[in-house]
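Given next are the chains, with one letter for each unit.
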Amino acid sequence: MKSIELYKIRQSVRKYSEAKVSREVLHHCLEAARLAPSASNSQPWKFILVDQEPILSQVARATFSEIVPFNKFTMQAPVIVVVIIDKPKLITRVAMKVKKRDWQLVDIGIVASHFCQQAAEDGLGTCMIGWFDEKKVKEILKIPAGKTIGLLITAGYAPDGYPLRTKIRKPLEEIISYNAY
């Protein structure tokens, strides 16, 4: 598949079939993620694949509440990938301080995108989740106190007939300029 075609079909999937996802398929997606670039090649990430009950349901429940119900679809996902932000190399930490930039967040975005693009090519649907109770997820998964969760990614097979939505994006003319703002 050509990359541009892949970008057209990759979308956030918020409904999943009951089909299990093999660890082989997940490892293929993680291999794509592993190859992602990062500042100073720090690779500041670690992944926890959550695919067994009751842990899966517990983590899913930590993504919504009565007040914030929009992530309830996570309860259907057969897999939740927890992306941990790891400490970058010393040179990157120094550069981040000097430049007042948090390249770890950029790196996490790149690695998550690699995972989700490969998942789409492998027939999986994914959704990146930024709204979750970090304290609760860390407790459930026994993540050390000094670690930060960057985001969660639900993964699974969309049910038959799940619509491929038309992407609504600004036209290029609105988002690019040459040589000056």
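Structural data are supplied above this passage.
Residues numbered from 1 in each chain as written. Predicted model: local features only at pLDDT ≥ 70, side-chain atom pairs only at ≥ 80, totals over all residues. Heavy atoms only, no water.

**Describing unusual backbone geometry**
Here comes step 1: With an omega dihedral of 0°, the bond running from E53 to P54 counts as a cis peptide bond.
Here comes step 2: Mapped onto the elements of the fold, P54 is located in the loop between β1 (45–50) and α3 (55–61).
Here comes step 3: Despite not being glycine, N41 shows a phi value in the positive range, around 55°.
Here comes step 4: For Q43, which is not glycine, the phi dihedral falls at a positive 50°.
Here comes step 5: As for its placement among the helices and strands, Q43 is situated in the loop between α2 (23–34) and β1. (Helix = DSSP H or I, 4+ residues; strand = E, 2+ residues; numbered from the N terminus.)

**Comments concerning the pattern of salt bridges**
Here comes step 1: In total, this model carries four salt bridges according to the counting rule given.
Here comes step 2: The partner of K8 in a salt bridge is E5, with the nearest N and O atoms 3.7 Å apart. Pair noted here: K8 and E5 are both in helix α1 (residues 3–9), with a separation of three residues, about one helical turn.
Here comes step 3: With its nearest N and O atoms 2.6 Å apart, the salt bridge here joins K147 to D86. One end of the pair, K147, is in the loop between α6 (134–141) and β4 (148–156); the other, D86, is in the loop between β2 (79–85) and α4 (90–99), and 61 residues separate them in sequence.
Here comes step 4: On the basis of relative accessibility, which here comes to 29%, the residue K147 falls in the partly exposed class. (Salt bridge = Lys/Arg side-chain N within 4 Å of Asp/Glu carboxyl O. Buried < 20%, exposed > 50% of the residue type's maximum accessible area, 1.4 Å probe, protein only.)

**Brief notes about the environment of T92**
Here comes step 1: Considering the arrangement of structural elements, one finds T92 in helix α4.
Here comes step 2: The class of T92 is buried, set by a relative accessible area of 1%.
Here comes step 3: Beyond its immediate stretch of four places on either side in the chain, T92 contacts A39, S40, S42 and W103.
Here comes step 4: There is a polar contact of 3.5 Å between the side chain of T92 and the backbone oxygen of A39. (Contact = heavy atoms within 4.5 Å. Polar contact = N/O pair within 3.5 Å; in protein donor to acceptor, adjacent residues only side chain to side chain.)

**Topic: α6**
Here comes step 1: Along α6, the residues that are buried comprise V137, K138, I140 and L141. Seen end-on, α6 carries its buried residues on one side only, within an arc spanning 165°. Relative to its buried face, α6 has exposed residues pointing more than 90 degrees away, namely K135 and E139.
Here comes step 2: Where the residues of α6 are buried, they touch β1, α3, β2 and β4.
Here comes step 3: The opening residue of α6, the one whose side-chain oxygen lies 3.2 Å from the backbone nitrogen of K135, is D133.
Here comes step 4: The positive-phi residue at the C-terminal boundary of α6 is K142, with phi of around 60°. (Arc of directions from axis to C-beta.)

**Details of the state of the cysteines**
Here comes step 1: Inspection of every chain in the model, using the stated rule, returns zero disulfides.
Here comes step 2: The closest cysteine sulfur to the non-disulfide-bonded C116 is located on C127, 8.3 Å from its own sulfur.
Here comes step 3: Given a relative accessible area of 2%, C127 falls into the buried group. (Disulfide = S-S within 2.5 Å.)

**Brief notes about the nonpolar core**
Here comes step 1: Core analysis: the biggest nonpolar cluster contains 22 residues, and V83, I108, V111, F115 and I153 have the highest contact counts within it.
Here comes step 2: Elements represented by at least two residues in this core include exactly α2, β2, α5 (103–121) and β4.
Here comes step 3: Of the residues forming this core, the biggest block, six residues, is contributed by α5.
Here comes step 4: Of all hydrophobic cores here, the second largest spans 21 residues; its members include A60, A62, V137 and L152. (Core = buried A, V, L, I, M, F, W, Y, C linked by side-chain atoms within 4.5 Å.)

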